Amino acid sequence: MNLNIALLPGDGVGSEVLDQAVKCLQAVEETFNHHFVYKEALVGAIAIDKKGNPLPDTTLKLCKEADAVLFGAIGDPKYDNNPEATVRPEQGLLKLRKELGLYTNIRPVKVFPTLIDNSPLKKEIIAGTDFIIYRELTGGIYFGEKKTNAEGTVASDLCEYSEKEISRIAHLAFKAAKNRRNKLTLVDKANVLESSRLWRKVVTSIGESYPEVSLDFLFVDNAAMQIILNPSQFDVILTENMFGDIISDEGSVIGGSIGLLASASVGDKNALFEPIHGSYPQAKGKDIANPIASILSAAMLLENFGLFEEAMAVREAVDKSLKKGVVTQDLDNKSQYGTKQVGDFIADNIVDSEDDFNMNDENIDLGKSTII
Ligand code: IPM
Ligand code: MN
């Protein structure tokens, strides 16, 4: 298959983790005879610094023309603590989501059995966790009208949803549930918010076309509690933009590290793949960031194009690195492996997928790779 992939490393550790994902995609090309073309562009704080715009027109054009976008991370502390800043790196990502029509953000939360002891939660609670969050991504309070009064003493953000915005993601979430364990949970705040009541009405009526899927509802405050108390009760969670942002970070700690969670953002034409972690500026340039979330985002990219065997090869290589302990320090504080070595190990194992665990540890330590 031929694919044009836009690479947007962005800020912080973005380029370091993205490089490892590309290495793995190159291993897939080599092993399965595909041809991917990569073109890189600026986004985020680095784009503000170089072009005065967090999403330069050239970047947007490249993304629109590409088959898929692979994204690193966005954000820089110099903007976070400055409420006066009128241009922010995050605006680049938000505009990109809107312009590409990426209305559905898919965030799988799964416990890797080999890492069960890494979780801050008890083993008995998290065993068997395997759910997927469908977060609406181009509406709600993120994109509603924003106002500040002349004195700067009162501010508001409007949370608005239309039936159309709700129904298009709801259909995708029901279809996902049909292919999984037939359970969909709508997370909202329908006891307080009018917009949540609309979500309930629309989702309930769409549910009639999916009789095999059982639909239930949870208020977001209760959902936040249930995700920690009993995460294995969930199959597919559907929710609006802001609630999805919050509960997906919460879900990410179940598996022991936010550095493991990948995501896909899809619309009718375009698709973007990114780790759910942020730019982790403290780790920038230190070769310590966990590349697995970025590599698993590349696996989701492959699945999006029907390349399931290829994606499985990536996932199995990731599993091997976890089993073998070839991981970064967030997963093992005694680990000596850096971002690049973990990436090399996983890429090598995509190429030599039939190899078992008899590999030479010295080669791992040297970070030797067959992928250049
Ligand atoms: C995410 C991030 C973004 C969001 C930020 C960077 C704008 O937290 O993808 O979850 O809030 O959507
Ligand atoms: Mn977030």
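Residues numbered from 1 in each chain as written. Chains lettered and ligands numbered in written order. Predicted model: local features only at pLDDT ≥ 70, side-chain atom pairs only at ≥ 80, totals over all residues. Heavy atoms only, no water.

**Q** What is the right way to look at the overall build of the protein chain in this model?
**A** Within the protein chain, the regular secondary structure consists of 14 helices and twelve strands. Relative to the 2.2 N^0.38 estimate, which gives 21 Å for 372 residues, the radius of gyration of the protein chain is 21 Å and therefore close to what a compact globule would have. Summarising its shape, the C-alpha atoms of the protein chain cover approximately 60 × 50 × 40 Å along the three principal directions. The burial tally for the protein chain puts 53% of its 372 residues in the buried class. Residue pairs at least 24 apart in sequence account for 74% of intrachain contacts in the protein chain once pairs closer than 6 positions are excluded. Accessible surface, the protein chain as shown: approximately 17000 Å² in total, 51% of it carbon and sulfur. Taken as two groups, the 39 positive and 55 negative side-chain charges of the protein chain have centres that lie 3 Å from each other. (Helix = DSSP H or I, 4+ residues; strand = E, 2+ residues; numbered from the N terminus. Rg over C-alpha atoms; globule rule 2.2 N^0.38 Å. Buried < 20%, exposed > 50% of the residue type's maximum accessible area, 1.4 Å probe, protein only. Contact = heavy atoms within 4.5 Å. Areas by Shrake-Rupley, 256 points an atom, 1.4 Å probe, with all protein chains shown as cover. Lys, Arg positive; Asp, Glu negative; His and termini not counted. Charge placed at Lys NZ, Arg CZ, Asp CG, Glu CD.)

**Q** It is not clear to me how the nonpolar core should be interpreted in this structure. Could you clarify?
**A** What tends to happen in soluble globular proteins is that the nonpolar side chains get buried as a cluster. Leu70, Tyr134, Leu238, Ile346 and Ile350 are the most contacted members of the largest nonpolar core, which totals 69 residues. Looking at which domains feed residues into this core, each of domain 1 (1–103 + 267–372) and domain 2 (104–261) supplies at least three. Among the nonpolar cores identified, the runner-up in size contains 19 residues, and Phe131, Leu218, Ala223 and Ile254 belong to it. (Core = buried A, V, L, I, M, F, W, Y, C linked by side-chain atoms within 4.5 Å. Domains from an automatic or database assignment.)

**Q** Looking at this structure, how should I read the sheet that holds strand β5 (residues 130–136)?
**A** Strand pairing in a sheet relies on backbone hydrogen bonds. The paired strands run either parallel or antiparallel. Taken together, the ten strands give an open sheet; going across it, the order is β2-β1-β3-β12-β11-β4-β5-β10-β8-β9, and neighbouring strands pair in mixed fashion. The open sheet is flanked by β2 (35–40) and β9 (214–219), the only strands paired with a single partner. Sheet twist, expressed as the mean angle between neighbouring strand axes with direction ignored, is 25°. Bridge count for strand β8 (residues 183–188) against strand β10 (residues 236–239) is four bridges, and the pairing is parallel. For leucine 186, the partnering residue across the bridge sits in β10 and is leucine 238. Packing of helix α5 (residues 89–99) onto the sheet brings it into contact with β1 (2–10), β3 (68–73), β4 (104–110), β5 and β12 (271–275), and relative to β12 it is tilted by some 150°. Sheet strands in contact with helix α8 (residues 194–207) are β5, β8, β9 and β10, and its direction is about 175° off that of β9. (Pairing = 2+ DSSP bridges. Axes fitted to C-alpha atoms, helices over the stretch in contact; angles between N-to-C directions.)

**Q** Sorry if this is basic, but what is going on with the domain arrangement of the protein chain here?
**A** Here the protein chain is described as being made up of domain 1 (1–103 + 267–372) and domain 2 (104–261). For domain 1 and domain 2, the distance between their C-alpha centroids amounts to 24 Å. If you look at the interface, domain 1 gives 18 residues, while domain 2 gives 26 residues. Summed over both partners, the interface of domain 1 with domain 2 buries about 2000 Å², with 65% contributed by carbon and sulfur atoms. (Buried area = accessible area lost by both parts, 1.4 Å probe.)

**Q** Explain the pairing of β4 here, please?
**A** Consecutive side chains along a regular strand alternate between the two faces of the sheet. In terms of residue burial, β4 counts as a mostly covered element, since five of its seven residues are buried. Examined bridge by bridge, β4 and β5 share seven bridges and lie antiparallel to one another. Residue pairing for β5: asparagine 105 is matched across the bridge by arginine 135.

**Q** Mind showing me how you'd approach the environment of lysine 269 here?
**A** By the secondary structure assignment, lysine 269 is in the loop between β11 (262–266) and β12. Of the residues examined, lysine 269 reaches a relative accessible area of 76% and is grouped as exposed. Considering only alpha carbons, one finds lysine 269 and leucine 100, 169 residues apart in sequence, at a separation of 7.6 Å.

**Q** Please explain the confidence of the model for the protein chain as it appears in this structure.
**A** As a note on interpretation, predicted positions should not be read in detail where pLDDT is low. For the protein chain, per-residue confidence averages 93 on the pLDDT scale, and 95% of positions sit at 70 or higher. The low-confidence segment residues 357–372, where pLDDT is below 50, has 34 contacts with residues more than four positions distant or belonging to other chains. (pLDDT = per-residue confidence, 0-100.)

**Q** Looking at this structure, I do not really get the layout of surface pockets. What am I missing?
**A** Vacant regions in the atomic arrangement are exposed by a probe of water-molecule size rolled over the atoms. In this structure, the largest pocket occupies an estimated 1000 Å³ of space. Residue lining of the largest pocket: 37 residues in total, with Pro108, Ile132, Met300, Glu303 and Arg315 positioned closest to the centre. For the lining of the largest pocket, the elements supplying multiple residues, two or more each, are β4, β5, α7 (163–178), β11, β12, α11 (292–304) and α12 (308–324). Of the residues that constitute the lining of the largest pocket, the class distribution is 23 nonpolar, four polar and ten charged. Built from parts of two domains, the lining of the largest pocket gets at least three residues from each of domain 1 (1–103 + 267–372) and domain 2 (104–261). (1 Å grid on protein atoms, 1.4 Å probe; cavity = no way out; pocket = protein on both sides within 12 Å on 5 of 7 lines; lining within 4 Å. Points joined across faces, edges and corners; volume = space filled by probe spheres on them. Nonpolar A, V, L, I, M, F, W, Y, C, P; charged D, E, K, R; others polar.)

**Q** Would you take a moment to explain the packing of helix α1 (residues 14–32) against helix α13 (residues 339–351) for this structure?
**A** How two helices pack is summed up by the angle between their axes together with the distance between the axes. Two elements in contact, α1 and α13, have axes separated by 8 Å at closest approach and are oriented at 15°. On the basis of the axis angle, α1 is roughly parallel to α13. Crossing angle aside, the handedness with which α1 passes α13 is right-handed. Packed against α1, whose contacting residues are Glu16, Gln20, Lys23, Cys24, Ala27, Val28, Glu30 and Thr31, the element α13 presents Thr339, Lys340, Gly343, Asp344, Ile346, Ala347, Ile350 and Val351 at the interface. Of the residues belonging to the contact of α1 with α13, the class tally is seven nonpolar, four polar and five charged. (Parallel < 35°, antiparallel > 145°, perpendicular 65-115°, else oblique. Left-handed = near helix turned anticlockwise from the far one by under 90°.)

**Q** Looking at this structure, I do not really get the pairing of β8. What am I missing?
**A** Among the six residues that make up β8, five are buried, leaving the element largely enclosed by the rest of the structure. Of the pairings in the sheet, the one linking β8 to β9 comprises six bridges and is parallel in character. Directly across from lysine 183, in β9, lies its bridge partner serine 214.

**Q** Any chance you could explain the site of ligand 1 here in plain terms?
**A** Every residue lining ligand 1 is accounted for by Ile74, Glu90, Arg97, Arg107, Arg135, Tyr142 and Asp245. Arginine 107 has a polar side-chain atom sitting 2.9 Å from an oxygen atom of ligand 1. Within the side chain of arginine 135, one N or O atom sits 2.8 Å away from an oxygen atom of ligand 1. Burial of ligand 1 by the surrounding chains reaches 78%, relative to a free accessible area of 320 Å². (Near = heavy atom within 4 Å. Polar contact = N/O pair within 3.5 Å; in protein donor to acceptor, adjacent residues only side chain to side chain.)

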